[in-house]
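Commentary on secondary and tertiary structure
Listed below are the residues making up each chain.
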Amino acid sequence: DAGVIQSPRHEVTEMGQEVTLRCKPISGHNSLFWYRQTMMRGLELLIYFNNNVPIDDSGMPEDRFSAKMPNASFSTLKIQPSEPRDSAVYFCASSFSGGGQPQHFGDGTRLSIL
Amino acid sequence: GQQLNQSPQSMFIQEGEDVSMNCTSSSIFNTWLWYKQDPGEGPVLLIALYKAGELTSNGRLTAQFGITRKDSFLNISASIPSDVGIYFCAGRVTSGTYKYIFGTGTRLKVLA
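Every chain is numbered on its own, with residues counted from 1 as its sequence reads. The lettering of chains begins at A and the numbering of ligands begins at 1, in the order of writing. Per-residue local features of the predicted model are confined to residues with pLDDT of at least 70, and side-chain atom pairs are confined, for both listing and counting, to 80 or more; whole-chain, interface and lining totals are unaffected and use all residues. Only hydrogens and water are set aside when side-chain values are computed; all heavy atoms of the structure are taken into account.

**Examining the sheet that holds strand β3 (residues 19-25) of chain B**
All names here are of chain B. Worth spelling out the cut-off: The pairing criterion for strands is at least two bridges between them, as found by DSSP. Starting at the N terminus, helices and strands are each numbered in turn, a helix being any DSSP run of H or I of at least four residues and a strand any DSSP run of E of at least two. In this analysis, axes come from line fits to C-alpha atoms, helices being fitted only over the stretch in contact, and the angle between any two N-to-C directions falls in the range 0 to 180 degrees.
Taken in spatial order, the five strands make up an open sheet running β1-β3-β8-β7-β6, and their pairing is antiparallel. Edge positions in the sheet fall to β1 (4-7) and β6 (55-58), since each of these pairs with one other strand and no more. Each neighbouring strand pair of the sheet contributes to a mean axis angle of 15 degrees, computed without reference to strand direction. With six bridges joining them, β3 and strand β8 (residues 71-76) adopt antiparallel strand pairing. Looking across to β8, one finds that Cys23 is bridged to Ser72.

**Thoughts on the interface of chain A and chain B**
Going by this rule: The contact rule is simple, with two residues in contact once any of their heavy atoms fall within 4.5 Å. Salt-bridge detection follows one rule: a side-chain nitrogen of Lys or Arg within 4 Å of a carboxyl oxygen of Asp or Glu. Here a polar contact means two N or O atoms within 3.5 Å. Within protein one must be a hydrogen donor candidate and the other an acceptor candidate, and residues neighboring in sequence count only if both atoms are side-chain atoms. When residues are grouped by polarity, Ala, Val, Leu, Ile, Met, Phe, Trp, Tyr, Cys and Pro land in nonpolar, Asp, Glu, Lys and Arg in charged, and all others, Gly among them, in polar.
Chain A puts 19 residues into the contact, and the matching count from chain B is 18 residues. Run the count over chain A and chain B and you get zero salt bridges. Summed over the shared surface of chain A and chain B, the number is five residue pairs in polar contact (both at pLDDT 80 or more). Its residues assigned to classes, the side of chain A that touches chain B shows nine nonpolar, seven polar and three charged.

**Looking at the environment of Cys89 of chain B**
Residue and element names in this part refer to chain B. Stated precisely, the cut-off is as follows: Only protein chains enter the calculation, and the probe is 1.4 Å; a residue is then buried if its accessible area is under 20% of its type maximum, exposed if over 50%, and partly exposed in between.
Position of Cys89 relative to the elements: it lies in strand β9 (residues 85-92). Residue classification places Cys89 among the buried positions, given a relative accessible area of 0%. It is 4.5 Å that separates the C-alpha atoms of Cys89 and Trp34, two residues lying 55 residues apart in sequence. Each residue touching Cys89, except ones within four places of it in the same chain, is listed here: Leu4, Gln6, Cys23, Trp32, Leu33, Trp34, Ile101, Phe102 and Gly103.

**Details of the confidence of the model for chain B**
Filter applied, for reference: pLDDT is a residue-level measure of predictor confidence that goes from 0 to 100.
Overall, the predicted model of chain B reaches an average pLDDT of 91, with 95% of residues at or above 70. Within chain B, strand β7 (residues 61-65) of chain B carries the highest mean pLDDT (98), whereas strand β10 (residues 100-102) of chain B carries the lowest (89).

**Some points on the sheet that holds strand β7 (residues 65-71) of chain A**
All names here are of chain A. Strand order in this open sheet of four strands is β1-β3-β8-β7, and the pairing throughout is antiparallel. Single-partner strands in this sheet number two, and they are β1 (5-7) and β7. Each neighbouring strand pair of the sheet contributes to a mean axis angle of 15 degrees, computed without reference to strand direction.

**Examining the state of the cysteines**
We apply this condition: Note on disulfides: each one is a pair of cysteine sulfur atoms within 2.5 Å.
Here the structure, examined in full by the defined rule, presents two disulfides over all chains. In this model, Cys23 of chain A is linked to Cys92 of chain A through a disulfide, with the two sulfur atoms separated by 1.9 Å. Disulfide Cys23 of chain A-Cys92 of chain A: the torsion about the S-S bond is -65 degrees, which places it as left-handed. With Cys23 of chain A in strand β3 (residues 19-24) and Cys92 of chain A in strand β9 (residues 88-95), the pair connects residues that are 69 residues apart, well separated along the chain. Each member of the pair, Cys23 of chain A as well as Cys92 of chain A, is classed as buried. Put simply, Cys23 of chain B and Cys89 of chain B are joined by a disulfide, and their sulfur atoms are 1.8 Å apart.

**Topic: the side chain of Thr20 of chain A**
Residue and element names in this part refer to chain A. In this fold, Thr20 is placed in strand β3. Residue class for Thr20 comes out buried when judged on its relative accessible area of 18%. Discounting residues that sit within four places of it in the chain, Thr20 has contacts with Pro8, Thr76, Leu77 and Lys78.

**Observations regarding the packing of aromatic side chains**
Short version of the rule: Here a Phe, Tyr or Trp ring, Trp counted by its six-membered ring, pairs with any other such ring whose centre lies within 6.5 Å, and the pair is stacked when the planes are under 30 degrees apart, edge-to-face when over 60, and tilted otherwise.
Enumeration according to the criterion identifies ten aromatic pairs over all chains in this entry. Between Tyr35 of chain A and Phe102 of chain B, the aromatic rings sit 5.5 Å apart at their centres with planes inclined by 80 degrees, giving edge-to-face as the arrangement. Here Tyr35 of chain A is found in strand β4 (residues 31-38), whereas its partner Phe102 of chain B is found in strand β10 on a different chain. Taken individually, Tyr35 of chain A and Phe102 of chain B each receive the classification buried, so the pair is uniform in this respect. On the basis of an interplanar angle of 85 degrees and a centroid distance of 6.4 Å, the ring pair of Phe105 of chain A and Phe102 of chain B is categorised as edge-to-face.

Here it is as structure tokens:
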């Protein structure tokens, strides 16, 4: 079975550009998480969706970040405008439980903002 | 804010040796998770713990929920080269929430 699928795997762009990261959760999972991983701060939860509804976006760094989940099989994380400090690995994870743990992670998108 | 301290930060061991690592918190947690992350991949959930004192195994891996509820331990027996990677703990303070705090990771390197 396919796991959580993220695209692109790598993204390099100049500051000020819009960046869109994509995630396809495991079919049947109803919880979706976006995380950011950096050496300095480790893994941080950005936003959590349950049944396609954003439940908590308090981890989103600032207004430049936005996330959507238009249906159960697709989510996007957008950064506009991007800044060098946004460089990180962004992970999407999904699970089949409302208040449960992020069980299945994708392989991440490595984002570099020049 | 809440932090999870993992120890050791990194370790080199010989193949066949047992490995122990731990995770400590200043807060009481009601759930502990342990993940392994390989280079270029996302974390993989290894073990989940839900009760103080609980001991759970997954193959050669055994994890324990500390009785103080402020710590957790992961042991790997008879290590093999594919055990190489970064091991993360994650804890949750409140039941029914999704907010897990991740530890800083223990990097394991196995010498064949």
